[in-house]
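So the chains spell out like this:
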Amino acid sequence: MNNNDHKTGTLPQSAPLAAAYVPVQRAARPSYEANEALSRGTLFPGLDLPFMNSINGLQPDSALSELQAICFAAHELELYLDTHRDDRRAFEALKSFLALKQEAQNRYIQKYGPLRKEDLIDLEGFSWTEDPWPWDYREA
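Everything numeric in this text was worked out from a predicted model, so none of it was measured. Residue indices follow the written sequence of each chain, beginning from 1 at its first position. With the structure being a predicted model, the display of local features is reserved for residues of pLDDT at least 70 and the display and counting of side-chain atom pairs for 80 or more, all residues being used for whole-chain, interface and lining totals. Heavy atoms throughout the structure, all of them, feed into the side-chain values; hydrogens and water do not.

### Re the packing of aromatic side chains
By convention, a stacked pair of Phe, Tyr or Trp rings (six-membered ring in the case of Trp) has centres within 6.5 Å and planes under 30 degrees apart, an edge-to-face pair has planes over 60 apart, and any other such pair is tilted. Enumeration over the complete set of coordinates arrives at one aromatic pair. A centroid spacing of 5.3 Å and a plane angle of 35° characterise the contact between Phe44 and Tyr80, whose relative ring orientation is tilted. Here the residue Phe44 occupies a position in the loop between α2 (34-40) and α3 (63-83), and Tyr80 occupies one in helix α3, the gap between them amounting to 36 residues. Partly exposed residues are those whose accessible area sits between 20% and 50% of the maximum for their type, while under 20% is buried and over 50% is exposed, using a 1.4 Å probe and protein chains only. Relative accessible area serves as the criterion here: at 2%, Tyr80 is assigned to the buried category. Only DSSP runs of H or I covering at least 4 residues are called helices, and only runs of E covering at least 2 are called strands; the numbering of each starts at the N terminus.

The structure is reproduced here in structure tokens:
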């Protein structure tokens, strides 16, 4: 074997072929609540494989963390449905999370102001850059 073979990608004649295996995700029944799913990085316990056995702590409760958790759970279900489109229960759960997302966005916007530029449509004036910023709020 030549010393530069690793740079060109050639294999010795006796090298075995590799076979990749990706297990199929079985169920869409999430047992994690949205907030825990956000901190663990997955909605599905079967896919929960913490890096070096390190688990993030839960985010402090706030209107923004609630919205982030709901958005994360909805996105996880969307990804699941990409490969399991016939799973009616997962689709109903996605619709439920999308409704929760809309409600959480509306509550956030009413209390703190716009999240996206599109949220400025119903406002009287341009308030995008007004203080305090969302991360400056301290909930009691």
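There's more to say after this.
### Observations concerning the packing of α3 against helix α4 (residues 88-112)
Running from N to C, α3 and α4 cross one another at 155°; their axes reach a closest spacing of 9 Å. It follows that α3 is roughly antiparallel to α4 by the angle criterion. When the axes of α3 and α4 are compared, the crossing they make is left-handed. Residue polarity is assigned by list, with Asp, Glu, Lys and Arg as charged and Ala, Val, Leu, Ile, Met, Phe, Trp, Tyr, Cys and Pro as nonpolar; anything else, Gly included, falls into the polar class. Residue composition of the contact of α3 with α4, by class: 20 nonpolar, one polar and four charged. Fitting a line to C-alpha atoms yields each axis, with helices limited to the stretch in contact; the angle taken between N-to-C directions then spans 0 to 180 degrees. Angular relationships are summarised with four words: roughly parallel below 35 degrees, roughly antiparallel beyond 145, roughly perpendicular across 65 to 115, and oblique for the angles in between. Left-handed describes a crossing whose near helix is turned anticlockwise from the far helix through less than a right angle; right-handed describes the clockwise counterpart.

### Focus on α4
Helix length check: α4 (25 residues) gives 36 Å between terminal C-alpha atoms against 36 Å at 1.5 Å per residue, within 8%. Residues of α4 that are buried include every one of Ala90, Leu94, Phe97, Ala104, Gln105, Tyr108 and Tyr112, and no others. If you follow the buried residues of α4, they end up packed against α2 and α3. A positive phi of about 110° marks Gly113, the residue just after α4. How far a helix is expected to stretch is found by multiplying one less than its residue total by 1.5 Å. What makes two residues a contact is simply this: any of their non-hydrogen atoms within 4.5 Å.

### Describing the side chain of Thr42
Here Thr42 lies in the loop between α2 and α3. For Thr42, a relative accessible area of 5% gives the class buried. The term polar contact refers here to a pair of N or O atoms within 3.5 Å; inside protein, the definition further demands a hydrogen-donor-capable atom paired with an acceptor-capable atom, and it admits residues adjacent in sequence only when both atoms are side-chain atoms. Looking at Thr42, its side chain comes within polar contact range of the main-chain nitrogen of Phe44, at 3.1 Å. Here the side chain of Thr42 touches Glu76 through a polar contact of 3.1 Å, side chain to side chain. Once you skip the residues sitting within four places of it in the chain, Thr42 turns out to touch Tyr32, Ala37, Leu47, Asp48, Phe72 and Glu76.

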